[in-house]
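Listed below, chain by chain, are the residues.
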Amino acid sequence: LLLLLFLLFLLLCGEMMMRVRLGAMLRPSSSSSSSPKGQHLSPLPQKGKKKKKRKFTKTRTTRASLQELHNGEEEIVLAVLKYFSAGGIGCFASHCLSVPLDVIKTKVQLNPELNSNASARELARKIVKDEGARALTRGLGATFFGYLIQGGCKYGGFETLKRYYFHGGGNIAQLVLAAMVAEAVGSFALVPFERARVKIVESETYAREKSLFAAVGEEFDAFLEDIAESLLPVYLKMIPYTAVQLVSYDVLVNGFVKGTLGVYGGEEGDGELFFALRLMSAIAAGVLATVASQPGDTIMTRRYCKEDEEEKECEAFVDDDNSVSGLFVGLRQRIPMTVLIVVTQLITVDYVKESLGV
């Protein structure tokens, strides 16, 4: 069902792009647009002269129009597939590399007895000592398949909306809207995988007794039973994360590096300088996205693993001094993990898109 939803979203993006292309083809040019009343009127026929019959000529034959439209449809569908492929490859590669850090972050959020101020290395040693080295790889399968689908929707939807619907997305508000819509679809497909991942990391017994797809199937059924309550935690995390990540990176690279500084990559540009600036932009986007999505990440992690408890609201996760700093538990451990994910993801997606010619 998730794969069908993914394919449906891809087809809808392609259909939307084809409609935009068809509208541009059929839009009349300025010279052929209707003139205001009283202007460009043909002169009245003079007496003694025969009125010439107006000849109607077609500016473009029907066959040529259909052929051009068909070629445009093929180009659009191919571009959409490339965007989705680049996003899926970049997302699953980056998230799989950071699975050990993700396990540490999840353990800190779920177990208050762990010292949240300890370094990732110290926490990793404690987890290995208590549960074995294999515990650091829990949730790898759910991460792989979940972010393969989510990444395709996220980057594929964002690039499709930005380039073909918002015509390049020069407006920041349009970029934010494109990122939010794409992530809303991607997160819908990610929810059962993320729910299963959290429980696999939290419980060794659950990870040993449940196969990946059995766990995902159960979580998908539970997700459908209460879809609104299930979507809210992941949307609180993923929509701010994606909106800040994609928009900040797009503005820094296309607006500042290419626009203000005039630095470009490729054979004709300064490749090393452009790569360095793009890397710094990705790091900045990763830090901003981490901070923006940390409250939602904490709520989502505790919500999915403590579903049998009565206290599920945000107030259950605050500190004793009634501040909201409890929502930022695990931020120290999450920053290096998320920056690694974002940098690997953005750079990989860019190179895959370049290699695919989009």
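All figures in this text were calculated on a predicted structure; none of them were measured in a lab. (Residues numbered from 1 in each chain as written. Predicted model: local features only at pLDDT ≥ 70, side-chain atom pairs only at ≥ 80, totals over all residues. Heavy atoms only, no water.)

## Brief notes about the overall build of the chain
1) Next: When helices and strands are counted, the chain shows 11 helices and zero strands.
2) Next: For the chain, buried positions account for 42% of its 358 residues.
3) Next: If you take every contact in the chain between residues at least 6 apart in sequence, the share linking residues at least 24 apart comes to 82%.
4) Next: With an accessible surface of roughly 19900 Å², the chain has 59% of that area assigned to carbon and sulfur atoms. (Helix = DSSP H or I, 4+ residues; strand = E, 2+ residues; numbered from the N terminus. Buried < 20%, exposed > 50% of the residue type's maximum accessible area, 1.4 Å probe, protein only. Contact = heavy atoms within 4.5 Å. Areas by Shrake-Rupley, 256 points an atom, 1.4 Å probe, with all protein chains shown as cover.)

## Regarding the nonpolar core
1) Next: One finds Tyr 155, Phe 158, Val 234, Tyr 241, Leu 246, Tyr 249 and Leu 346 to be the most contacted residues of the largest nonpolar core, which totals 41 residues.
2) Next: Of all the secondary structure elements, the ones that give two or more residues to this core are helix H2 (62-97), helix H5 (140-165), helix H6 (172-202), helix H8 (212-225), helix H9 (227-260), helix H10 (271-305) and helix H11 (331-356).
3) Next: Looking at this core, the element that brings in the most residues is H9, giving 10 residues.
4) Next: Dropping the residues within four chain positions of it, Leu 246 is found in contact with Lys 154, Tyr 155, Phe 158, Ala 179 and Leu 346.
5) Next: In terms of nonpolar packing, the next biggest core, distinct from the first, is built from 11 residues, Val 103, Leu 123, Ala 135 and Leu 136 among them. (Core = buried A, V, L, I, M, F, W, Y, C linked by side-chain atoms within 4.5 Å.)

## Considering the confidence of the model for the chain
1) Next: Summarising the model, the chain shows a mean pLDDT of 76, and 70% of its residues fall at 70 or more.
2) Next: Averaged over each element, pLDDT in the chain is lowest for helix H1 (residues 2-26) (58) and highest for H5 (89).
3) Next: Scored below 50 in pLDDT, residues 29-44 shows one contact in the model against residues more than four places distant or in partner chains.
4) Next: Low confidence marks residues 308-322, where pLDDT is under 50. Its contacts with residues over four positions away, or in another chain, come to 17 contacts. (pLDDT = per-residue confidence, 0-100.)

## Regarding the side chain of Asp 250
1) Next: Considering the arrangement of structural elements, one finds Asp 250 in helix H9.
2) Next: Asp 250 gets classed as buried once you look at its relative accessible area, which sits at 12%.
3) Next: A distance of 2.8 Å separates the side chain of Asp 250 from the side chain of Lys 162, its partner in a polar contact.
4) Next: Ignoring any residue separated from it by four or fewer positions in sequence, one finds Asp 250 in contact with Phe 158, Lys 162, Leu 175 and Gly 255. (Polar contact = N/O pair within 3.5 Å; in protein donor to acceptor, adjacent residues only side chain to side chain.)

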